[in-house]
Amino acid sequence: MPAEPSSRRILVVDDDDQIRDLLATALSADGYTVDGARDGGEALALLTQHPYDLVLSDLRMPRVDGPSLYETLQTRHRFPVRFATKLPRVIFMTGNPAEHAEFLRGTTDPILEKPFAMRIVRKMVRVLLSATP
Amino acid sequence: MRLATKIFLVSALVILVLCGTVVWSLLTVKRLVTANQEITTRAVPALRLQGALRESVHGLVRLETRALVLQDQKYAAMWTDRADRATRDLAELGDYLESAEERDAHARAGDAFATYRGHVAAERRLVALGRARAALLIAEGPAREAAESTEAALADAITATEARLAAGQARARALEARTWRAVTGALAVSLVLALAASALLAYRMARSLGRLSSATRSLAAGTWTGPLPVEGRDEISELGRAFNQMAERLRDVERLKEEFFSHITHDLRNPLASIRLAAEGIQERAKAGGDAKAARFAYLIEVSAARMMTMINQILDFTRLRARAVPLERKPIDLLEVAGRALDELRPVSEEKRIRVDLAAEGHDFTLPGDEGSLVRVVVNLLGNALHFTPAGGAVRARLAALPDRLELAIEDTGVGIPADALPSIFEPYRQAHGPRKGTGLGLAVVKGLVEAHGGTVAVRSEVGKGSCFTVTIPKAPAEAGAAVTA
């Protein structure tokens, strides 16, 4: 029996303010607790403060980009000395999959190609979170 | 070393070797001439003198007899005169002799002749005393003997000189033969040396230029990877270095182009994503609040954003193809699977227009080395066109055939067809057979560019009112075609 949306915490990471805002608005309307981060650095800071169930992350961002954020999360999970957090599920967002083809081949996490429809995001979030304890 | 220096050195080597051969030949010829000269200036005069002396000794004996018998002073004077000349000739003969045998025979002849003269002088004295009989006895005895000894010694000298002459001639012949052998040998060696040096130079030049031209070809085809190995300091090596610099520069330009398209794509897609998400949100709220008009407006925003996205994608695809900035990531692709995916992608359209879409496959093994994304776009563009121009209730058939060396995908519709006069330019960019309809007019140009980048072709046949059939043919073997666009 999956947990109620209200108890689930989602982190939206995108340097595009509108997309971040829209996703946060739509997902909070669905009952999730949603935080936003402008890049991987902000996301990593937030990830030390709260455990998140899901991270929706853009790939191309200034400073710490999506792939770097992902690598750091994986490393933290492998060496859980200081960061005893659970590994959140990740959905990648990109406007140009070809640019990150090599990185995407190395992961099994789902990808949303921009521009995506909100119903697809909802469906993906629901499916992923229902599979997460 | 500079190329000019190399060519100069090879030519100089050739000229030097030839000059050396000529000088050496001249020296050998000089030796030959000397050998022949020795024969003509020493042996021949010696033989001539020896023959003349033999004759003259013979004549002297006859003159002596005549002078004795006739008691004529005239003959006596003549004998003395001839004997003096023979003595001079004997002395002169000494200058022309060389071998020990000759000198020995000459010495014997000189002694015998002196003895002969001594006997004749004794005869003269006896005649002057009136003892002619005693003189005649000397003449027929010891004098005749001395004369014969002289003749015999001269004959020995002639034999010795002839032997010397024969030896000299044999030496000259041997020298001549050796000269011929050496000159032809030296010429052959120098010729081989010169040819080998020129061939080596030509081979090295041709090899370097060949490498350069194949590198240029692969650079043009977009398959060039590493720098050209360059060694040496000649002009071809400099050309190689310049080529490497140019290739490096082109790589930079390629990278910049890639970055530019990546930026543009990112920057255009982000606001469209926001528009689409926002429009979707408004629609949901409007529907929930029962505001059908607002929901309709929001739907129009969403659909327009989607159309704009398609157009942007096509313009970007086409521009990238034109700029040759499409990186084809070739791997084994199942074209049947690609066609199936494209069909699934367009299913909402076909269902909405109630168009029956079939996919038939002939043969087995539909894999080819290709770029998955590009091939999906090719099939989606062609199928999308077929659905777009086929009226509701029509049919679209996709047929994939696996031939031994290529795959053939034919997409046939029962649509409006393309007018014959528009067919030739159907694959040109910004050309639309049916006037200004929705779309960029780039779809088929992109299809053609992507198919050609895979080394394939795309053909069309169509009849107005009956439908069109587009046939894409892509070779199964990896083609050497670059991501070139002829559109």
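Residues numbered from 1 in each chain as written. Chains lettered and ligands numbered in written order. Predicted model: local features only at pLDDT ≥ 70, side-chain atom pairs only at ≥ 80, totals over all residues. Heavy atoms only, no water.

Asker: What should I look at first to understand the overall build of chain B in this one?
Answerer: Helices and strands together make up the secondary structure of chain B, namely 10 helices and seven strands. For chain B, with 487 residues in total, the buried portion stands at 38%. A separation threshold of at least 6 residues defines the contact pool for chain B, and within that pool the share at least 24 residues apart is 74%. (Helix = DSSP H or I, 4+ residues; strand = E, 2+ residues; numbered from the N terminus. Buried < 20%, exposed > 50% of the residue type's maximum accessible area, 1.4 Å probe, protein only. Contact = heavy atoms within 4.5 Å.)

Asker: Before we go on, may I ask you to explain the interface of chain B and chain A in this structure?
Answerer: One frequently used descriptor of interface size is the decrease in accessible area upon assembly of the parts. With 18 residues of chain B at the contact, the number on the chain A side is 22 residues. In total, chain B and chain A occlude about 1,800 Å² of area from one another, counting both sides; carbon and sulfur atoms represent 50% of this. The largest per-residue losses of area from chain B upon contact with chain A belong to His 266, Asn 270 and Leu 277 of chain B, which jointly make up 30% of the total buried on that side. For the pair chain B and chain A, the interface holds two salt bridges. For Arg 122 of chain A, the salt bridge identified is with Glu 284 of chain B, shortest N-O distance 2.7 Å. At the level of elements, helix 5 (235-289) and helix 6 (292-322) of chain B are the ones that each hand at least two residues to the side of chain B that touches chain A. Sort the elements by how many residues they give to the side of chain B that touches chain A and helix 5 of chain B lands first, with 15 residues. A class-by-class count of the residues in the side of chain B that touches chain A yields six nonpolar, six polar and six charged. (Buried area = accessible area lost by both parts, 1.4 Å probe. Salt bridge = Lys/Arg side-chain N within 4 Å of Asp/Glu carboxyl O. Nonpolar A, V, L, I, M, F, W, Y, C, P; charged D, E, K, R; others polar.)

Asker: Which parts of the structure should I look at to understand the sheet that holds strand 2 (residues 356-362) of chain B?
Answerer: Hydrogen bonds between backbone atoms are what pair the strands of a sheet, whose relative direction is either parallel or antiparallel. Residue and element names in this part refer to chain B. Strands sit in the order 2-4-5-7-6 across an open sheet of five strands; the sheet is mixed. Where the open sheet ends on each side, the last strands, each with one partner, are strand 2 and strand 6 (457-463). Between one strand axis and the next, the sheet turns through 10° on average, direction left out of account. Pairing between strand 5 (residues 406-413) and strand 7 (residues 467-475): seven bridges, direction antiparallel. In the strand pairing of strand 7, Leu 407 is matched with Ile 474. (Pairing = 2+ DSSP bridges. Axes fitted to C-alpha atoms, helices over the stretch in contact; angles between N-to-C directions.)

Asker: Looking at this structure, how should I read the packing of helix 3 (residues 100-128) of chain B against helix 4 (residues 132-221) of chain B?
Answerer: Packed helices, taken two at a time, are described by the angle between their axes plus the distance between the axes. All names here are of chain B. Their axes nearest at 8 Å, the elements helix 3 and helix 4 cross at an angle of 165°. With respect to helix 4, the element helix 3 is oriented roughly antiparallel. Viewed along their axes, helix 3 and helix 4 form a crossing whose handedness is left-handed. Residues of the contact of helix 3 with helix 4, tallied by class, amount to 21 nonpolar, five polar and six charged. (Parallel < 35°, antiparallel > 145°, perpendicular 65-115°, else oblique. Left-handed = near helix turned anticlockwise from the far one by under 90°.)

Asker: Please clarify how the side chain of Ser 350 of chain B should be interpreted in this entry.
Answerer: Residue and element names in this part refer to chain B. Within the secondary structure layout, Ser 350 lies in helix 8 (residues 347-353). One polar contact links the side chain of Ser 350 to the main-chain carbonyl oxygen of Arg 347, over a distance of 2.9 Å. Dropping the residues within four chain positions of it, Ser 350 is found in contact with Ile 355, Val 357 and Leu 387. (Polar contact = N/O pair within 3.5 Å; in protein donor to acceptor, adjacent residues only side chain to side chain.)

Asker: Even after reading the chapter, I still don't get the sheet that holds strand 4 (residues 89-94) of chain A, so can you show me in this structure?
Answerer: Residue and element names in this part refer to chain A. Judged by pairing direction, the sheet is parallel, and its five strands sit side by side in the order 2-1-3-4-5 without closing on themselves. Where the open sheet ends on each side, the last strands, each with one partner, are strand 2 (33-37) and strand 5 (111-113). Averaged over all neighbouring strand pairs, the angle between strand axes comes to 20°, with direction disregarded. Pairing of strand 3 (residues 54-58) with strand 4, which is carried by five bridges, proceeds in the parallel orientation. Paired with Ser 57 across the two strands is Phe 92, which belongs to strand 4. On the sheet, helix 3 (residues 66-78) packs against strand 1 (9-13), strand 3 and strand 4 and is oriented at approximately 150° with respect to strand 3. This element, helix 5 (residues 118-130), spans strand 1, strand 3, strand 4 and strand 5 of the sheet and lies at about 160° to strand 4.

Asker: Where do I start with the packing of helix 6 of chain B against helix 10 (residues 443-453) of chain B in this structure?
Answerer: All names here are of chain B. At their nearest, the axes of helix 6 and helix 10 sit 9 Å apart, and the two run at 40° to each other. When the axis of helix 6 is compared with that of helix 10, the two are oblique. Pair helix 6 / helix 10 crosses with left-handed handedness. Within the contact between the two elements, helix 6 uses Gln 314, Asp 317, Phe 318 and Leu 321 and helix 10 uses Gly 443, Ala 445, Val 446, Gly 449 and Leu 450. Across the contact of helix 6 with helix 10, the residue classes break down as five nonpolar, three polar and one charged.

Asker: I would appreciate a short explanation of a positive patch on the surface in the present structure.
Answerer: All names here are of chain B. Where like charges cluster on the molecular surface, the positive patch consists of Arg 62, Arg 66, Arg 82, Arg 85 and Arg 88. Ranked by residue count, the leading element in the positive patch is helix 2 (residues 73-96), at three residues. Assignment of secondary structure puts Arg 82 in helix 2. By relative accessible area, which is 36% here, Arg 82 ends up partly exposed. (Patch = residues over 30% accessible without salt bridge, like charges linked within 9 Å, V, L, I, M, F, W, Y side chains within 5 Å. Areas by Shrake-Rupley, 256 points an atom, 1.4 Å probe, with all protein chains shown as cover. Lys, Arg positive; Asp, Glu negative; His and termini not counted. Charge placed at Lys NZ, Arg CZ, Asp CG, Glu CD.)

Asker: Explain the pairing of strand 7 of chain B here, please?
Answerer: On a regular strand, one side chain projects to one face of the sheet and the next to the other, so that they alternate. All names here are of chain B. Of all nine residues making up strand 7, seven are buried, and the element is well covered by its neighbours. Taken together, the seven bridges between strand 6 and strand 7 define a ladder with antiparallel strand orientation. Of the residues in strand 7, the one forming a bridge with Glu 463 is Gly 467. Between the end of strand 6 and the start of strand 7, which pair antiparallel, lie three residues, with Gly 465 showing a positive phi angle near 90°.

Asker: I would appreciate a short explanation of the environment of Glu 99 of chain A in the present structure.
Answerer: Position of Glu 99 of chain A among the secondary structure elements: in the loop between strand 4 and helix 4 (101-105). The sequence separation of Glu 99 of chain A and Arg 60 of chain A amounts to 39 residues, and the corresponding C-alpha distance is 9.1 Å. For Glu 99 of chain A, the residues in contact, after removing those within four places along its chain, are Arg 60 of chain A together with Ser 262 of chain B.

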